Amino acid sequence: MKKVVVITTGGTIAMKYDPATQGLVPAVNGDDLIEAVPALGEVAAVEVAEFANVPSGHVTPQMMFELAQLVDTYAAREDVNGIVVTHGTDTQEETAYLLSLATKTVKPVCITGAMRGASETGPDGPANILAAVMTAACDEAAGKGTLLVFNDEIHAAAEVTKTHTTSCSTFHSPGWGPIGHVYFDRVVFRRQPLNLEKICPPALADDVCLLKTYAGMDAWLFKALADKPVAGLVVEALGCGNVPPDVKKGIEYVRAQGIPVVLATRVHTGRVVPAYSYLGSARSMESSKIILAGELTGPKARLKLMLALGLTKDVDELQQYFDN
Ligand code: ASP
């Protein structure tokens, strides 16, 4: 029988309703999570490791980085076939992406969670854990980067995003779709994520910020961040990578302090493309050596920049990490 290590970090999957505070709070430990899924006994031998028990809004990039080392430590064991991480959904796509970049293992690594707490009617946590363990125990899941398994769908870490605040069908990969599905008796893959990357620095850069642009935005936030100074800045631009004229000035101010700036888009699908040359377009900022993020969302571009800055501060080299 295959062996899967389930590393728990918290999230709604490990929460129950607390009448005193009238909301969900952390209440379920790793062993309880597994005991709630008796069907696991037929899928794999499961070993539980508790990393944390926190809402995912409390998970920091540093914690994600430490989690990546822990995943690699378990994956290096000969008797372990795959890893599952349970995690809150709010930042699950960020941890999925960081794990995908920063873990060295090619064994299956899956991440999952739940939209309904353990005490709610029809909790989705047990079914998601079962699907994630089935996927982690599946040989075909190897070498596909971290896989986000949720609601019986399997998504690639670079593509997936949370799309609904409460629905159990919240995770989608806009423009791409899932790479596979989990059925009651098998795991089926129909796509292979291409251009899988690894960025494994000794440490990640702290203090990389993310700003979202909006109509009429001015430069003051950019100046404040540059004067702080931050280690890097990601800007979610408009459309295919355009910003208001004052934001262009703000970005140029940040660049003048030598701080790398990555341009992503606030649009849900598609790449940043230097299609225009008017004031504020990506092309109009070319001489400032702005790094274009490709198809990555702002939060994922930020994590990639934090990892890449752990290896180089050279903007041409940094751009290469985003050109993949
Ligand atoms: N707020 C919760 C968290 O991210 C949501 C969830 O787990 O679904 O921890």
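Here is what the cut-offs are and how they apply
Residues numbered from 1 in each chain as written. Predicted model: local features only at pLDDT ≥ 70, side-chain atom pairs only at ≥ 80, totals over all residues. Heavy atoms only, no water. Helix = DSSP H or I, 4+ residues; strand = E, 2+ residues; numbered from the N terminus. Rg over C-alpha atoms; globule rule 2.2 N^0.38 Å. Buried < 20%, exposed > 50% of the residue type's maximum accessible area, 1.4 Å probe, protein only. Contact = heavy atoms within 4.5 Å. Areas by Shrake-Rupley, 256 points an atom, 1.4 Å probe, with all protein chains shown as cover. Lys, Arg positive; Asp, Glu negative; His and termini not counted. Charge placed at Lys NZ, Arg CZ, Asp CG, Glu CD. Polar contact = N/O pair within 3.5 Å; in protein donor to acceptor, adjacent residues only side chain to side chain. Axes fitted to C-alpha atoms, helices over the stretch in contact; angles between N-to-C directions. Parallel < 35°, antiparallel > 145°, perpendicular 65-115°, else oblique. Left-handed = near helix turned anticlockwise from the far one by under 90°. Nonpolar A, V, L, I, M, F, W, Y, C, P; charged D, E, K, R; others polar. Near = heavy atom within 4 Å. Core = buried A, V, L, I, M, F, W, Y, C linked by side-chain atoms within 4.5 Å. Pairing = 2+ DSSP bridges. Salt bridge = Lys/Arg side-chain N within 4 Å of Asp/Glu carboxyl O.

Right, let's talk about the overall build of the protein for a bit. Check the secondary structure of the protein and you find eight helices and 16 strands. Taking 20 Å as the expected radius of gyration for a compact globule of 324 residues, we find that the protein reaches 20 Å, a close match to that expectation. In the protein, which comprises 324 residues, the proportion classed as buried is 53%. Within the protein, contacts between residues separated by at least 24 positions form 73% of all contacts whose residues are at least 6 apart in sequence. Surface summary for the protein: the accessible area is close to 14,100 Å², and the carbon and sulfur share equals 52%. Here the protein contributes 27 positively and 36 negatively charged side chains, and the mean placements of these two sets differ by 6 Å.

With respect to the helices and strands, the residue Ser56 is situated in the loop between strand 4 (45-50) and helix 2 (61-75). Judged by its relative accessible area of 4%, Ser56 falls in the buried class. In terms of polar contacts, Ser56 uses its side chain to reach the backbone amide nitrogen of Asp90, at 3.2 Å. Leaving out residues up to four positions away in the same chain, Ser56 has contacts with His87, Gly88, Thr89, Asp90 and Thr91.

In this section: the packing of helix 7 (residues 298-308) against helix 8 (residues 315-323). As a packed pair, helix 7 and helix 8 sit with axes 10 Å apart at the nearest point and diverge in direction by 135 degrees. For the element pair helix 7 / helix 8, the angle class is oblique. Of the two elements, helix 7 crosses helix 8, and the hand of that crossing is right-handed. In this structure, helix 7 contributes Ala301, Lys304, Leu305 and Ala308 to the contact, and helix 8 contributes Leu318, Tyr321 and Phe322. Tallied by class, the residues present in the contact of helix 7 with helix 8 amount to six nonpolar, no polar and one charged.

Turning our attention to the site of the ligand. The full set of residues close to the ligand is Gly11, Thr12, Pro55, Ser56, Gly88, Thr89, Asp90 and Ala114. One of the side-chain N or O atoms of Ser56 is found 2.5 Å from an oxygen atom in the ligand. Note that a nitrogen atom of the ligand is positioned 2.8 Å from one of the side-chain N or O atoms of Asp90. Residue composition of the shell around the ligand, grouped by class: two nonpolar, five polar and one charged.

Turning next to the nonpolar core. Residues Ile7 and Ile83 are the most contacted members of the largest nonpolar core, which totals 49 residues. For this core, the element with the most residues is helix 2, which contributes seven residues. Apart from residues lying up to four places away in sequence, Ile7 is in contact with Ala49, Phe51, Leu67, Leu70, Val71, Tyr74, Ile83, Val84, Val85 and Thr86. Ile34, Leu40, Ala114 and Ala137 belong to the second-largest nonpolar core, a separate cluster that totals 30 residues.

Our next topic: the sheet that holds strand 16 (residues 291-292). With respect to topology, four strands assemble into an open sheet ordered 13-14-15-16, the strand pairing being parallel. Unpaired on one side and paired on the other, strand 13 (208-212) and strand 16 mark the two borders of the sheet. Here strand 15 (residues 261-265) runs beside strand 16; their pairing, made up of two bridges, is parallel. Looking at strand 16, one finds that Leu263 is bridged to Leu292. Contacting strand 13, strand 14 (232-237) and strand 15, helix 7 crosses the sheet at an angle of about 160 degrees to strand 14.

In this section: the pattern of salt bridges. Tallied over the full model, the rule gives 16 salt bridges. Here Asp246 ties to Lys249 by a salt bridge, and the two come within 3.5 Å at their closest N and O atoms. With Asp246 and Lys249 both in helix 6 (residues 245-256), this residue pair falls three residues apart, about one helical turn. Note that Glu252 is salt-bridged to Lys248, the shortest N-O span being 2.7 Å. Taken together, the residues Glu252 and Lys248, both in helix 6 and four residues apart, mark about one turn of the helix. Using a relative accessible area of 12% as the deciding quantity, one classes Lys248 as buried. Each of Lys3, Glu47, Arg77 and Asp79 takes part in salt bridges that share partners, so that together they form one network.

To continue, consider the sheet that holds strand 12 (residues 187-189). Read from one edge of the open sheet, eight strands run 4-1-5-6-7-8-11-12, paired in mixed fashion. Here the strands that pair on one side only, and so sit at the sheet edges, are strand 4 and strand 12. Strand after strand, the sheet turns through a mean of 25 degrees between neighbouring axes, direction not considered. With two bridges connecting them, strand 8 (residues 153-156) and strand 11 (residues 180-182) associate as antiparallel partners. Following the sheet pairing, Glu153 is matched in strand 11 by His181.

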